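Chain by chain, the residues:
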Amino acid sequence: QPCCKVILILTKYYHTDMGKVLESSLWRSSDFGTLYTKLNLQPGIATVIDNFYICSTNKKKIILVSSSHNDRDQSLFISTDEGATFQKQPIAFYVETLLFHPKEEDKVLAYTKEGKIYVSIDLGKKWNLLQERVSKDHFFWLQVDNFHWCLFGIFLLVLWNIALKVTTTYFSYSLNAKQFCFSFLNCVKKLAIIYLIFLQDLQIISTDENQVFVAVQEWYQTDTYNLYQSDPQGVYYSILLENVRSTKQPEENVLIDILEVRGVKGVFLANQKIDGKVTTLITYNKGRDWDFLNPPDVDMNGKPTNCKPPDCYLHLHLRWADNPYVSGTVHTKDTAPGLIMGAGNLGSQLVEYKEEMYITSDCGNTWRQVFEEEHHILYLDHGGVIVAIKDTSIPLKILKFSIDEGQTWSTHNFTSTSVFVDGLLSEPGDETLVMTVFGHISYRSDWELVKVDFRPSFPRECTDEDYESWELTNLQGDRCIMGQQRSFRKRKISSWCIKGKSFTSALTSKVCECVNTDFLCDYGFERSAPLKLESSKCFADFWFNPEAPPEDCVLGQAYTSSTGYRKVVSNVCEGGVDLQQNLAHHMCPLIAPKGLQISIREESLAVRPGEDITFIVQQEQGDVLSTKYQVDLGDGFKAIYVNLTMTGEPIRHRYENPGIYRVSVKAENVAGHDEAVVFVQVNSPLQALNLEVVPVIGRNQEVNLTAIILPKNPNLTVFYWWIGNNLQPLLTLESFLVTKFAETGDVRVTVQVSCGSSMLQDSKVVHVFDHFHVLPLKFSKDLDMYNPDIPEWREDIGRVVTRLLAKETSIPEETLMTVVKPGLPTAADLHVLLPANQPKKKRSITSDKRIAAIKQALNAHNISFFLRGGYWVLVTLADSSSDSQRIGGGSGYWAIVVLFVVCLVAVGAFILYKFKRKLPGRNVYAQMHNEKEQEMTSPVNHSEDTQNIIQGEEFIDDDLDSQTLGVVLSINSREMHSYLVS
């Protein structure tokens, strides 16, 4: 509170080897730190206080966290009168940290060492369990609008040992608020990274102004993160800056080198690390544009720095202090807009051991060097007084202070005896001129607290004549920032007065007309050169289709496709340029259900008999209002639901008898259907794996089904394989299974992996055909740099190529399928499927026309897509002179050719027998060679020269006896011609 004069100080004796606090003392002052009284919370009982928390909206409310010496019991001490009195409240869990609600003073969250979150709505008197398995330091209150707050958190899931899932829960008894908060459930799924498995880590940077900033460490990063920014709903995320430096701390804590400059909204500092070189960048429009920091012309002694861009800039350390009672390497404050003071160096990059002190009073436009060594900084009286104490391990008795924004500095002896400084504290209220220095004379001595009062140094309070104004500009000199011109006022250098509690820094603001820099790339779009201001054009990412309807598109409603741009959140510009205009309007079609998933809330597919199970059905795409869901739990229970995925209603069930149950959900509407299957084993638990299978295969051809698991436990893992709807699985101790499909059509293949008490399932659909062509493809080498070699990425690349080819050649997309192979260099096979409704005798002619059209499009370099970093990936034939490979065949011409060749071979054999003479030629045979790989086995050997694999019985007309043919040929058309001529 501005009028508050109470100071609380908690001293603790922390035993490093035991890892806990053994002794503590709580001190209270009610006169700005002149006198302190030691509080006795429980007379006659030694009480150990681990920590205390003060409500930010009502500082009279305080909660102390106390523990017993045996760590068995923990209690809270609650005060509503600034610590004058406390009430003890026992609790049944061990508190790691407390978090007050940003607005409602009686709502508190408690995070435990077991990763659980408890919530209280009566200032800690009663607690309810809210969520389990929450990541430490990854839960925040997020304001959705003016009326609703959501608890935003990261909840850990074990997936490939690296993945994180971001979800949310809600803290409100209002259904309206619940609906708001549930809109955040798709947060990470809508990240521009797309693939959940890509994430190694995710850190929440900021949740201010109805917007979420997240730093994401992707699969290829080790000590850097990529910065993403959400839309106002926190659902769709776009990339702002790549390769932001990170540092790992003890207990797996991670520090990201990004700092929000307090006092001026939209300004951030970040350290970017590229090729081992760290440079400092600044943005004035929430990450839309980034620039280097301009170096000063002279140093603190007035000598030229000889630091000239573009070879030399100012770089700052953006570290948080380990000690919470001293400033970090960069210091800003809400009540001192434009004032930034930090430690760094001049040069081409940041140097770790250089910590010279620099200051700016115009929000980063111009900088001055003030010290040669790092200092702890404290702002008093709205930045009117800057206090600095050297960061050193030797005892001190002198501090420095400045009243003219760091242009001149004075010294002050704050004590007669040198002390080891442990921290600086300013008294409550931004207008205060009273501070406390605390430390110790020796490592075995008690704490020393020194009160420093600057109030007697100022004769009067400031008047309007003591202030002057300054306008906020970016490094290009633009005054319109975030859609408005803003001016602030500051005290004149010649004025020696106190700003006081009535001082306000903001002076005027004027709304500007919109320009291109007020817009950034929308979800699914990226700029080709993020750091270049002149490059403002946004391109669609390769995985994103701007014209596709949104997932929540309802039949009869309209939707708009993005132009690639959206206004920066909190930007208030009006009129002028509007990059969001001319939006294309579309009517929502009736979309078939897609991405149907059924899972168990308890996250275990192995249960005990009689144990309660809760099934959750989710649908990624498709209409939900007109969709019926047929649920079969495998034990005779069947039901039909409406709006099942929209309402989120769980399906509760209990299996009484041991066994394996096939649980299926079929979603169906007029546009199509989708099905999800999960197998439940009653009597043991379950966990995780990935099934690799060639999506297209010929009938009666061997196919390799491979299960990839992490970590690998070859001697402890049992694999269960289901082909189709068969309830009797095939069991193997190997991670692969070789099988055949005798019938054409779509066959669902499901595998479960059991290791001890854990189990996981994956399921894929294999398309079985009699006839199809295969064209080998290759990509430009730029794609290899972004190839993580995981199935999800390969599937997305394949879908992109298929869509582009279908659009370019007008061939129906359902007859094309691109399969990207594992490994490097990136390569793929294009499967050209024969139309099912076309007459059999016309298939070969039509296929030839389609193959020719596809080759023409690929050879003309018409198939390409945009990749992050400004690269265009070109798709071409792996060998432009080769013919397509054909699996299966038709009748007619090829049947006659085969019959002629067979007869010719028979005649040759007769001549060999008759004249006992060996003719020059070839032994022609075919052998399907299935080569087991770690991830995927192709049904066709592409290492040989492109060839036609023709199965003899497939090429005979219906009126011929297929049993008379016993030869399987493997020659291409050019070889066949040469052979017949010879």
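- As recorded by an unreviewed UniProt entry, the chain carries the name VPS10 domain-containing receptor SorCS2 and is attributed to Serinus canaria.
- In the Sequence similarities (unreviewed entry) part of its UniProt record, the chain is described as follows: "Belongs to the VPS10-related sortilin family. SORCS subfamily."

### A short note on the overall build of the chain
Thinking step 1. Per the secondary structure count, the chain includes six helices and 69 strands.
Thinking step 2. Counting the 982 residues in the chain, one finds 50% classified as buried.
Thinking step 3. Counted over contacts in the chain with a minimum sequence separation of 6, partners at least 24 positions apart contribute 54%.
Thinking step 4. Counting only carbon and sulfur atoms, one obtains 50% of the accessible surface of the chain, whose full area is about 48000 Å².

### Observations regarding helix 3 (residues 791-809)
Thinking step 1. Here helix 3 spans 27 Å end to end across 19 residues, near enough to the 27 Å set by a 1.5 Å rise per residue.
Thinking step 2. Of the residues making up helix 3, those classed as buried are P791, W793, R794, D796, I797, G798, V800, V801, T802, L805, A806 and T809.
Thinking step 3. A positive backbone phi angle near 65 degrees is found at S810, which sits one or two residues after helix 3.

### Points about the packing of aromatic side chains
Thinking step 1. Per the counting criterion, the structure on display carries 23 aromatic pairs.
Thinking step 2. Pairing Y720 with W722 gives two aromatic rings, centres 6.4 Å apart and planes at 20 degrees, and the pair type is stacked.
Thinking step 3. Look at Y720 and you get buried, because its relative accessible area is 14%.
Thinking step 4. Consider the rings of Y786 and Y871, whose centres lie 6.4 Å apart with planes at 55 degrees: the pair is tilted. Taken as a pair, Y786 in the loop between strand 64 (772-779) and helix 3 and Y871 in strand 68 (residues 871-877) lie far apart in primary sequence, 85 residues in all.
Thinking step 5. What makes Y786 partly exposed here is its relative accessible area of 22%.
Thinking step 6. Among the aromatic residues, those joined into a cluster by ring pairs are Y523, F525, W543 and F544.
Thinking step 7. The ring of Y467 carries the charged tip of R489 above its face, separated from the ring centre by 4.5 Å.
Thinking step 8. Positioned over the ring face of F503 is K499, at 4.8 Å from the centre of the ring.

### With respect to the side chain of T809
Thinking step 1. Take T809: it is sitting in helix 3.
Thinking step 2. In this structure the side chain of T809 is engaged in a polar contact, spanning 2.6 Å, whose partner is the backbone oxygen of L805.
Thinking step 3. The contacts of T809, once residues within four sequence positions are left out, are A853, I854 and A857.

### A short note on the nonpolar core
Thinking step 1. Among the nonpolar cores identified, the biggest contains 38 residues, and L227, L269 and L316 are the most heavily contacted of them.
Thinking step 2. Counting residues in hydrophobic clusters, the runner-up holds 37 residues, among them C573, L783, V800 and I863.

### Side note on the sheet that holds strand 58 (residues 703-708)
Thinking step 1. Overall, antiparallel pairing links the three strands, which are arranged 56-58-61 in an open sheet. Bordering the open sheet on either side are strand 56 (690-692) and strand 61 (736-739), each of which pairs with just one other strand. Between one strand and the next, the sheet's axes are offset by a mean angle of 20 degrees, whatever the strand orientation.
Thinking step 2. Relative to strand 61, strand 58 is paired through four bridges, and the arrangement is antiparallel. Paired with T706 across the strands is F736, a residue of strand 61.

### So, the environment of V694
Thinking step 1. Locating V694 in the fold gives a position in the loop between strand 56 and strand 57 (696-698).
Thinking step 2. As for V694 and L705, which are separated by 11 residues in sequence, their C-alpha atoms are 8.0 Å apart.

### Regarding the state of the cysteines
Thinking step 1. Following the criterion strictly, the structure yields five disulfides and no others.
Thinking step 2. With a sulfur-sulfur separation of 1.8 Å, C307 is cross-linked through a disulfide to C312. Around the S-S axis, the bridge from C307 to C312 shows a dihedral of about -100 degrees and counts as left-handed. You'll find C307 and C312 in the same group, each marked buried.

### Let's talk about the side chain of S402
Thinking step 1. Note that S402 resides in strand 31 (residues 398-402).
Thinking step 2. In this structure the side chain of S402 is engaged in a polar contact, spanning 2.8 Å, whose partner is the backbone oxygen of T408.
Thinking step 3. Residue contacts for S402: discarding those within four places in its chain leaves G384, V385, I386, Q407, T408 and W409.

### Thoughts on the confidence of the model for the chain
Thinking step 1. Looking at the chain, the pLDDT average stands at 77 and 77% of residues meet or exceed 70.
Thinking step 2. Segment residues 154-197 is flagged for pLDDT under 50; beyond a separation of four residues in sequence, or across chains, it makes 120 contacts in the model.

### Overview of the pairing of strand 10 (residues 117-120)
Thinking step 1. Here strand 10 shows two buried faces, one formed by I117 and V119 and the other by Y118 and S120.
Thinking step 2. In terms of strand pairing, strand 9 (residues 108-112) meets strand 10 through four bridges, oriented antiparallel. The residue of strand 10 that forms the bridge with Y111 is I117.
Thinking step 3. The hairpin formed by strand 9 and strand 10 contains four residues between the paired strands, and G115 there has a positive phi angle of roughly 80 degrees.

### Some points on the pattern of salt bridges
Thinking step 1. Taken as a whole and judged by the stated rule, the model has 24 salt bridges.
Thinking step 2. Among the ionic pairs, R799 bridges to D796, the shortest N-O distance being 2.1 Å. You can see R799 and its partner D796 sitting in helix 3, three residues apart, about one turn around the helix.
Thinking step 3. Exposure remark for D796: the relative accessible area of 11% places this residue in the buried category.
Thinking step 4. Sharing partners across several salt bridges, the network here consists of K61, E105 and D106.

### Remarks on the sheet that holds strand 63 (residues 758-769)
Thinking step 1. Read across the open sheet, the five strands follow the order 57-63-62-59-60; overall the sheet is mixed. Looking at which strands have only one partner, the edges of the open sheet turn out to be strand 57 and strand 60 (730-732). The sheet shows a mean angle of 30 degrees between the axes of neighbouring strands, direction not considered.
Thinking step 2. Of the pairings in the sheet, the one linking strand 57 to strand 63 comprises three bridges and is parallel in character. Bridged to I697 within strand 63 is V768.

### With respect to unusual backbone geometry
Backbone phi values are negative for most residues with the exception of glycine, while trans is the configuration of most peptide bonds.
Thinking step 1. Omega for the peptide link from P309 to P310 comes to 5 degrees, which places this bond in the cis form.
Thinking step 2. With omega at -5 degrees, the peptide bond leading from L824 into P825 counts as cis.
Thinking step 3. Looking at where P825 falls in the secondary structure, it is placed in the loop between strand 65 (816-820) and strand 66 (827-833).
Thinking step 4. The residue H861 is not glycine, and still its phi comes out positive at about 60 degrees.
Thinking step 5. By the secondary structure assignment, H861 is in the loop between helix 4 (843-859) and strand 67 (864-867).
Thinking step 6. Here H861 falls in the partly exposed class, since its relative accessible area comes to 48%.

Rules behind the numbers
Residues numbered from 1 in each chain as written. Predicted model: local features only at pLDDT ≥ 70, side-chain atom pairs only at ≥ 80, totals over all residues. Heavy atoms only, no water. UniProt positions renumbered as here; feature names shortened; annotations may be inferred. Helix = DSSP H or I, 4+ residues; strand = E, 2+ residues; numbered from the N terminus. Buried < 20%, exposed > 50% of the residue type's maximum accessible area, 1.4 Å probe, protein only. Contact = heavy atoms within 4.5 Å. Areas by Shrake-Rupley, 256 points an atom, 1.4 Å probe, with all protein chains shown as cover. Expected span 1.5 Å × (residues − 1). Phe/Tyr/Trp six-rings, centres within 6.5 Å; stacked < 30°, edge-to-face > 60°. Lys NZ or Arg CZ within 6 Å of the ring centre and 35° of its normal. Polar contact = N/O pair within 3.5 Å; in protein donor to acceptor, adjacent residues only side chain to side chain. Core = buried A, V, L, I, M, F, W, Y, C linked by side-chain atoms within 4.5 Å. Pairing = 2+ DSSP bridges. Axes fitted to C-alpha atoms, helices over the stretch in contact; angles between N-to-C directions. Disulfide = S-S within 2.5 Å. pLDDT = per-residue confidence, 0-100. Salt bridge = Lys/Arg side-chain N within 4 Å of Asp/Glu carboxyl O.

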